[in-house]
Structure formats: C-alpha cells, structure tokens
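Structure assessment
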Amino acid sequence: ISLKRTHDCLADNAKPIPLDDVSHKLKMSIKLRTDYGSVLHMPILKENFREKDSPNTGDLYAHKQYPANQGQELEYLITGTHPYPPGPGVALTADTKIQRMPSESAAQSLAVALPPSQSRLEANRTAAGVGDIYRHAGIPERAQPPAGGNKNSALIAKKAPTMPKPQWHPPWKLYRVISGHLGWVRCIAVEPGNQWFVTGSADRTIKWQLKLSLTGHISTVRGLIVSGRSPYLFSCGEDKQVKCWDLEYNKVIRHYHGHLSAVYGLDLHPTIDVLVTCSRDSTARIWDVRTKASVHTLAGHTNAVATVKCQAAEPQIITGSHDTTIRLWDLVAGKNSCHFDNHKKSVRAVVLHPRQ
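Notes on the structure follow.

Conventions used here
- Residues numbered from 1 in each chain as written.
- Predicted model: local features only at pLDDT ≥ 70, side-chain atom pairs only at ≥ 80, totals over all residues.
- Heavy atoms only, no water.
- Helix = DSSP H or I, 4+ residues; strand = E, 2+ residues; numbered from the N terminus.
- Buried < 20%, exposed > 50% of the residue type's maximum accessible area, 1.4 Å probe, protein only.
- Contact = heavy atoms within 4.5 Å.
- Pairing = 2+ DSSP bridges.
- Expected span 1.5 Å × (residues − 1).
- Arc of directions from axis to C-beta.
- Salt bridge = Lys/Arg side-chain N within 4 Å of Asp/Glu carboxyl O.
- Disulfide = S-S within 2.5 Å.

**Concerning the overall build of the protein chain**
Within the protein chain one finds six helices and 16 strands. Within the span of the protein chain, comprising 356 residues, buried residues form 30% of the whole. Residue pairs in contact within the protein chain that sit at least 24 positions apart in sequence constitute 39% of those at least 6 positions apart.

Structural data, given as structure tokens:
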C-alpha cells in the first residue's frame with residue numbers, strides 16, 4: 001500500500017505516522033552493514049575519543065544502539081515566557097498565572113539560531129573524520145565523498161513532512177443568491193463607487209441592478225468593465241465584438257472592430273482614455289475610447305491571450321496568454337519590453353497589487 005493511501009486511511013492526515021523503534025533499529029543495523037561494512041572493523045584514530053557506556057571498544061558498532069534522536073541531543077530547554085498575571089491588579093499565583101509557549105515552528109527556528117554547545121564542539125574535534133577513515137583504509141583522495149555534511153547524517157531519522165494547520169475563522173455566511181441568467185456567468189464588474197455591479201453570461205446578456213438586461217451580443221459575454229471617468233460600460237464577447245454602453249440611455253454608442261476571433265478580456269487605463277482588449281487571435285489591441293481608432297496591435301504571443309491589465313506606472317500593459325508567458329508592453333511604442341515564461345501551462349488571470 002502506498003504512503004498516500006496509508007495516510008488516507010488515518011483519521012488525521014496532518015499527523016505523521018509514529019516511528020516504530022524495532023523497525024528503525026533494524027533499518028539502522030542493515031544500513032550500517034551495507035554502507036559502512038568495509039570500515040566497521042577499523043579502530044578509532046583519535047586517542048582522546050572514548051565511547052561512553054561501551055564496555056568493549058573493539059565491538060563499538062555491533063552493540064551500539066541508534067535511537068530516533070541520534071545527533072539531535074537536547075542541549076537547550078525552551079521554556080516560553082515568564083509567568084504573568086492575566087490583568088492589572090490581579091495577584092500572581094499558581095492559579096492565575098499565564099505563560100505563553102512558543103509554537104513548534106518558532107522553537108525549531110530558535111534552536112537553529114542557537115550556537116552549538118561545548119559538548120558538540122568537543123565531539124567534532126575528537127571524533128575520527130571520514131577523511132581519516134579513508135586514509136587509514138588506503139583509499140585514494142579522489143575516491144572520497146565530497147566535503148560537507150555530518151558523517152552521521154545518514155543515521156539521523158528524518159522527520160515526516162507535516163501539513164500546516166490552517167488558522168480558524170468563523171464560517172462564511174451566505175448573504176444572498178441572485179438568479180436570472182440562463183447560462184454560465186463568465187464575468188462580473190463592480191462600479192467604482194461600490195454601489196452596484198453587472199454580470200455577463202453565456203446567454204448573451206448583460207444584467208444590471210436585477211431589473212435591467214442589456215442585449216446586443218450574439219455570443220457569450222466574456223469581459224466587462226465600468227469606467228470611473230465617464231458613465232460608460234465596456235463589454236466584449238466571443239462574437240469578436242467590443243461594445244461601449246451609455247448607462248444613461250442603456251444602449252450601445254460605440255463599436256470597436258479589429259479582432260479576428262473571440263475577445264477574452266479588456267481593461268481601461270486608469271489615467272487616459274485608452275481601452276485595451278485581448279483576443280483568441282493571439283493579439284492585444286489598444287483603442288482610443290473616443291475615436292474608436294486602433295492605436296496599437298500588440299503582437300508577440302503565440303497563442304490566445306486570456307487576460308490583460310493596465311496601470312498608470314510602467315509597465316502600463318500586462319498580458320497573460322495560453323502560450324504560458326506573461327508579457328509587459330510599452331504603451332507609447334506598442335512593443336514588448338519584457339516577458340516571463342516561468343509558468344508551465346496557460347496563464348488565465350493576472351491581478352495587480354493595489355499599492356506595490
């Protein structure tokens with residue numbers, strides 16, 4: 001049975017499987033014979049190194065036990081904070097005292113930061129090194145293992161990985177369910193004043209304020225954005241169309257023609273009247289909102305462009321594509337300034353940090 005299936009059979013997957021002492025000792029003895037059998041018969045070279053609690057120095061390795069915490073002696077005791085009363089004016093007694101203990105991760109980081117104890121330093125100075133053992137056995141230097149690491153690192157039991165426990169929060173409460181669309185809801189946009197929102201669906205409609213439906217697209221609506229500079233709503237869809245809606249009259253006042261395939265997303269520049277759209281035709285286009293003119297065609301992606309974002313600072317335009325790349329564009333020149341290809345699969349969404 002695999003380890004994953006064994007974890008699934010347990011009640012709590014976050015807890016590691018307890019270490020069995022008998023099987024661990026058997027594993028260590030087999031590892032000693034397999035990996036270090038050629039040097040177990042050799043004597044200790046350092047004169048001042050003595051094995052504690054071992055009556056027979058000639059049989060050091062045959063009867064030595066290797067517990068689970070080999071090489072991890074407890075040299076420091078982490079006791080937490082000093083006891084303190086729960087509030088002002090309360091006497092500090094055994095019943096009222098409060099003492100905070102550090103978490104497991106904090107204790108581990110503190111233990112790593114502490115300097116090594118004197119006993120460990122002495123042991124490192126007096127114990128026979130791996131190089132000494134190889135030289136005693138007549139093995140040439142080039143056959144020695146690379147430097148670095150503890151000579152007993154292979155004998156130290158590795159702790160099973162644990163899953164971090166999530167922080168508890170009150171359960172989310174469902175506020176309201178709004179129904180009305182007849183197809184998948186593919187996009188949503190919130191008005192900059194946070195007073196209302198609009199949704200676009202595969203039923204080719206845009207719904208606003210629960211009562212109004214805007215019709216005009218002949219295929220799935222894939223992108224929506226509400227302008228903060230004018231009473232306009234911009235939409236795009238799989239019908240290759242990009243529309244500008246006047247929210248005062250609830251009708252289309254501008255069309256932006258140019259894309260050769262479905263338009264997957266759009267965004268408005270925060271400071272100038274520029275609209276940027278991305279399409280399945282592997283391009284992104286920059287439009288003048290007022291004149292409907294195509295300012296630039298951003299070509300460089302080799303597959304559908306799934307998402308686009310605009311910001312006032314450089315780079316002003318960022319696109320993500322199904323070709324697994326993210327590209328940064330120069331708005332003035334209309335050229336690619338940089339690209340990232342760290343993703344292994346399609347980049348479907350890009351989000352900007354609100355301050356950085």
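Text resumes after the structure shown.
**A short note on the pairing of strand 14 (residues 317-321)**
The buried fraction of strand 14 is high, at five of five residues. Both faces of strand 14 are covered, namely the face carrying Ile 317, Thr 319 and Ser 321 and the face carrying Ile 318 and Gly 320. In this antiparallel pair of consecutive strands, strand 13 (residues 305-310) and strand 14, the connection spans six residues. As defined by bridge partners, strand 14 adjoins strand 15 (residues 326-330) across four bridges and the pair is classed as antiparallel.

**A closer look at helix 2 (residues 21-36)**
For helix 2, built from 16 residues, the straight-helix expectation of 22 Å at 1.5 Å per residue is met to within 8% by its first-to-last C-alpha distance of 21 Å. When helix 2 is considered as a whole, its buried residues turn out to be His 24, Met 28 and Leu 32. Buried residues of helix 2 fall within an arc of 80 degrees about the axis and therefore sit on the same side. Along helix 2, exposed side chains directed more than 90 degrees from the buried face belong to Val 22, Leu 26, Lys 27, Arg 33 and Thr 34.

**Looking at the pattern of salt bridges**
For side chains of opposite charge, pairing can occur when their charged atoms come near one another. Considering all chains together, one arrives at four salt bridges under this definition. One salt bridge connects Asp 35 with Lys 31, and the closest N-O pair in it is separated by 3.1 Å. With Asp 35 and Lys 31 both in helix 2 and four residues apart, the pair spans about one turn of that helix. Taking the relative accessible area as the measure of exposure, Lys 31 reaches 25% and is therefore partly exposed. Where Arg 290 meets Asp 273, a salt bridge forms, and the shortest distance between an N and an O atom there is 3.2 Å.

**Notes on unusual backbone geometry**
In this model, Glu 314 is joined to Pro 315 through a cis peptide bond whose omega is -5 degrees. Positive phi, close to 60 degrees, is recorded for Asn 194, a residue that is not glycine. The topology assignment puts Asn 194 in the loop between strand 1 (185-190) and strand 2 (197-201). In this structure, Thr 324 is a non-glycine residue whose phi angle is positive, near 75 degrees.

**Looking at the state of the cysteines**
In protein structure, a disulfide is the covalent linkage between the sulfur atoms of two cysteines. In total, this model carries zero disulfides according to the counting rule given. Free of any disulfide, Cys 236 has its nearest neighbouring cysteine sulfur in Cys 278, separated by 7.0 Å. Accessibility expressed as a relative area gives 0% for Cys 236, which makes it buried.

**Points about the environment of Ile 253**
Looking at the secondary structure, you find Ile 253 in strand 8 (residues 251-255). Judged by relative accessible area, Ile 253 falls into the partly exposed class, the value being 33%. The spacing of Ile 253 and Tyr 232 is 21 residues in sequence and 9.4 Å in space, taken between C-alpha atoms. Leaving out residues up to four positions away in the same chain, Ile 253 has contacts with Tyr 232, Cys 244 and Asp 246.

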